[in-house]
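# Breakdown of the fold
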Amino acid sequence: MLIQTQTGPSFYLPCEKSTPNMRGIRRSILLLTTLMALAISAKAQWQIQTGVPELDLYSIEPYSASVVNGGALLGLLRTTDSGASWDTTYITVFGAPFPGALYDIHFFSSQVGVATGLLSLGSQHVMLRTTNAGTSWTVAYYDQIGGGILAVHDLDFINAANGIAVGTDNTLLRTSDAGLTWTRAANSSIPGSGHLYGVQYSDANICHVVGGNRILRSVNGGANWLGQTFTGMDL
């Protein structure tokens, strides 16, 4: 029996006599060959994108087949030609440079979007909003609740109006007007304590948040939360 991967080596297995040991060897070689083929195939599907500005990159979100936005240190990356070329727009608020890194972004249209991350040198939790494709930003929300470096790590929207953002020191923010305003959930309404790192909607009602050795779950769009703790795991 001849086994050959598309680009890998060939194996010859004798077939005239079948024993349990030989069948086990064949299965092992078949499994190894399959894994090699899958690895080669997976590797072939990815390429390093050239022409990307040399910035620390934190997030990426496709808006359409040709427009993709990326969050980076000090600015927003954007391509309008499916990644053939990229432009960098540095963060400015009220016309002045605004130090920070965009950990996550979301655009509702080609012009209107929200962003968050480690901003204002980590002295505040900040939510930004743009109406001109990131050319300039306004501060839609900020607070100084917590200790140490403050940041909002992640955000998610279930539709064009409703979204949640999460960050350090049990920060959980909600918006119902496409990021124009944000409301912080009271710490007493969030099971457990610590930093929150990720948020994901499943549908308009079900949402999960992870961080501080916990997974939080809401079944009413984020109005209330239940938590499950995993001891010894830094989720």
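Residues numbered from 1 in each chain as written. Predicted model: local features only at pLDDT ≥ 70, side-chain atom pairs only at ≥ 80, totals over all residues. Heavy atoms only, no water.

The four strands are arranged β9-β10-β11-β12 in an open sheet whose pairing can be described as antiparallel. Either end of the sheet is taken by a strand with one partner, and the two such strands are β9 (100-107) and β12 (138-143). Sheet twist, expressed as the mean angle between neighbouring strand axes with direction ignored, is 20°. Sheet topology places strand β10 (residues 113-119) next to strand β11 (residues 125-130); four bridges connect them, and they run antiparallel. Bridging from a neighbouring strand, A115 pairs with L128 of β11. (Pairing = 2+ DSSP bridges. Helix = DSSP H or I, 4+ residues; strand = E, 2+ residues; numbered from the N terminus. Axes fitted to C-alpha atoms, helices over the stretch in contact; angles between N-to-C directions.)

Here we take up the pairing of strand β4 (residues 68-72). The element β4 is extensively covered by neighbouring structure, given that five of its five residues are classed as buried. Burial along β4 is two-sided: V68, G70 and A72 and N69 and G71, pointing in opposite directions, are all buried. Following strand β3 (residues 57-62), the chain reverses through five residues before pairing antiparallel with β4. Of the pairings in the sheet, the one linking β4 to strand β5 (residues 75-79) comprises five bridges and is antiparallel in character. Directly across from G70, in β5, lies its bridge partner L77. Taking the residues between adjacent antiparallel strands as the criterion, β4 and β5 are bridged by two residues, where L74 takes a positive phi near 75°. (Buried < 20%, exposed > 50% of the residue type's maximum accessible area, 1.4 Å probe, protein only.)

Before going further, it helps to examine the packing of aromatic side chains. Going through the model one piece at a time under the given rule, you end up with three aromatic pairs. Ring centres of Y58 and Y103 lie 5.1 Å apart, and the angle between their planes is 65°; on these two criteria the pair is classed as edge-to-face. Placement of Y58 in strand β3 and of Y103 in strand β9 is noted, with a sequence separation of 45 residues between them. Ring plane angle 80° and centroid distance 6.0 Å describe the contact between F157 and W182, whose orientation is recorded as edge-to-face. Within this pair, whereas F157 is found in strand β13 (residues 152-157), its partner W182 is found in the loop between β15 (171-175) and β16 (183-184), the two being separated by 25 residues in sequence. The rings of F108, F157 and W182 are connected pair by pair, giving a single aromatic cluster. For the cation-ring pair, R78 lies above F107, with the distance from its terminal atom to the ring centre recorded as 5.0 Å. (Phe/Tyr/Trp six-rings, centres within 6.5 Å; stacked < 30°, edge-to-face > 60°. Lys NZ or Arg CZ within 6 Å of the ring centre and 35° of its normal.)

It is worth spelling out unusual backbone geometry at this point. In the Ramachandran plot, S120 falls in the positive-phi region, its phi being about 55° despite a non-glycine side chain. Take S120: it is sitting in the loop between β10 and β11. A relative accessible area of 16% means that S120 is categorised as buried. With a phi close to 55°, D169 is a non-glycine residue in the positive phi region.

Bringing the pattern of salt bridges into the picture now. Counted according to the given criterion, the structure contains one salt bridge. Among the ionic pairs, D143 bridges to R184, the shortest N-O distance being 3.0 Å. With a gap of 41 residues between them, D143 in strand β12 and R184 in strand β16 connect regions that are remote in the sequence. (Salt bridge = Lys/Arg side-chain N within 4 Å of Asp/Glu carboxyl O.)

Looking now at the confidence of the model for the protein. The share of residues in the protein with pLDDT of 70 or more is 80%, and the mean pLDDT across the chain is 85. Across residues 1-18 the pLDDT falls below 50, and counting only partners more than four positions away or on other chains, this stretch makes 30 contacts in the model. (pLDDT = per-residue confidence, 0-100. Contact = heavy atoms within 4.5 Å.)

Turning our attention to the pairing of β10. In terms of burial, β10 is largely enclosed, as six of its seven residues are buried. Between β9 and the antiparallel strand that follows it, β10, lie five residues. Here β10 folds back onto β11 in antiparallel fashion, the turn holding five residues, of which S120 has a positive phi close to 55°.

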